[in-house]
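Below are the chains, spelled out letter by letter.
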Amino acid sequence: MQIGIIGLGRMGGNIAVRLSRHGHEVVLFDRDPATVGKVRDRIEGGRGIAADSVPDLVGKLTAARKIVWVMLPAGEITEAAVQELSGLLGKDDILIDGGNTYYKDDIRRAAQLAQKGIHYIDVGTSGGVWGLERGYCMMYGGTKDSADHIDPILEALAPGKGDVPPTPDRNKPDLDPRAEKGYLHCGPAGSGHFVKMVHNGIEYGMMQAFAEGFDIMKTKNSPLLPEDQRFDLNMADIAEVWRRGSVVSSWLLDLTAEALAKNASLSEFTGEVADSGEGRWTLEAAIEESVPAPVITASLFTRFRSRTGNNYAEKILSAMRFGFGGHVEKK
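Numbers given to residues run from 1 along each chain, matching the order in which its sequence is written. In view of the model being predicted, local features appear only for residues whose pLDDT reaches at least 70, and side-chain atom pairs are presented and counted only at 80 or more, with totals across whole chains, interfaces and linings using the full set of residues. Excluding hydrogens and water, the side-chain figures rest on all heavy atoms present in the structure.

Selection rule: UniProt positions are given in the numbering used here, feature names are shortened, and annotations may be inferred rather than shown by experiment.
In the nomenclature of an unreviewed UniProt entry, the protein chain is known as Decarboxylating 6-phosphogluconate dehydrogenase of Gluconacetobacter takamatsuzukensis. In the Sequence similarities (unreviewed entry) part of its UniProt record, the protein chain is described as follows: "Belongs to the 6-phosphogluconate dehydrogenase family."

### Side note on the packing of helix H9 (residues 191-218) against helix H10 (residues 235-242)
A pair of packed helices is characterised by two quantities: the angle between their axes and the separation of those axes. For the record, the criterion: Axis lines are fitted through C-alpha atoms, for helices just across the contact stretch, and the angle between N-to-C directions can take any value from 0 to 180 degrees. Starting at the N terminus, helices and strands are each numbered in turn, a helix being any DSSP run of H or I of at least four residues and a strand any DSSP run of E of at least two. If an angle is under 35 degrees, it is roughly parallel; if it is over 145, roughly antiparallel; if it lies from 65 to 115, roughly perpendicular; otherwise it is oblique. For any pair of crossing helices, the crossing counts as left-handed if the nearer helix is rotated counterclockwise from the farther one by less than a right angle, and right-handed if it is rotated clockwise. We call two residues in contact whenever any of their non-hydrogen atoms come within 4.5 Å of each other. Three classes are used, and their members are as follows: Ala, Val, Leu, Ile, Met, Phe, Trp, Tyr, Cys and Pro are nonpolar, Asp, Glu, Lys and Arg are charged, and the others, Gly among them, are polar.
Packing of H9 against H10 brings their axes to within 11 Å, and their N-to-C directions diverge by 135°. Considering the angle they form, H9 stands oblique to H10. Taken as a pair, H9 and H10 cross one another with a handedness that is right-handed. Judged by residue contacts, Phe214, Met217 and Lys218 of H9 engage Met235, Ile238, Ala239 and Trp242 from H10. Here the contact of H9 with H10 is built from residues that sort into 6 nonpolar, no polar and 1 charged.

### A look at the nonpolar core
Filter applied, for reference: The term nonpolar core refers to a set of buried residues drawn from Ala, Val, Leu, Ile, Met, Phe, Trp, Tyr and Cys, joined through side-chain atoms within 4.5 Å. Remark: exposure states derive from per-residue accessible area (1.4 Å probe, protein chains only) relative to the maximum for the residue type, with buried under 20%, exposed over 50%, and partly exposed in between.
One finds Leu19, Trp69, Ile96 and Met138 to be the most contacted residues of the largest nonpolar core, which totals 32 residues. Broken down by element, the residue count for this core peaks at 5 residues, all from helix H1 (residues 10-21). Residues within four places of Leu19 in sequence aside, it is in contact with Ile3, Ile5, His24, Val26, Ile153, Ala156 and Leu157. Grouped together as the second largest cluster of nonpolar side chains are 25 residues, Met217, Leu266, Tyr312 and Ile316 included.

Structure below.
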């Protein structure tokens, strides 16, 4: 299939390359022309076409149903791109937002675009800088027709079944087999980003639990403790042994072990931990639904506190964020 991609940053560029590896043709645009050239050079099989503007990108899409994937930061930048594309795309064309947009904005946009016959799909995309090789876990919302049409694109981006053991009892008619491949049509517009939003809220809590646990272990040699209760524990070794058969083994733990093996003091991190919006939105949804979410709440507030003074736990958080998403601390 042919698809246009707007925004060729850490994830957008890799998405384009992965699609080219699976035989799809990609038309590329980024506001930085040098970035377009670098990504086009990485595209495989000569399946990359450079565009010098959004109208140029749309003009170079030749399929009967044009498909444009917007991979830009949530907020005004994405909003402006969607509004521009709404004047360039036509009936039955498909506009995909693969960023971390607030799901209520998706619902509004989908309704606006539907008046012009344009289909809007929100794709919550998880995989960070590792997605090129590992594939992307995707949760998406939109009409069934448009979701089915872009299925070959999403299947190419998804990890596939790989060597993950199958879950027992999934051979039921009400369970979507695509979930086993790492991508899932969640429902109408907005549902994909809603599920991804909660995913990221859970991520906050998991990361915080690891960070606090390692901080407790690191501080076990405190002079405030009786001498016979002080342990000088090796954080890198503990992270590594937990990776091997422990019930807390996970990708987040893998990233923690990697960071600690490189530098156990994590001195390259300040521990000032940003939050990119999804944690806050998850709590807003919890409040609207009267659902208690104390762990996610505490993890978000800890990120706030980290910007006024921090400790080893926040450095652990920063190390994990850098590991999965390439997030660099603000200077």
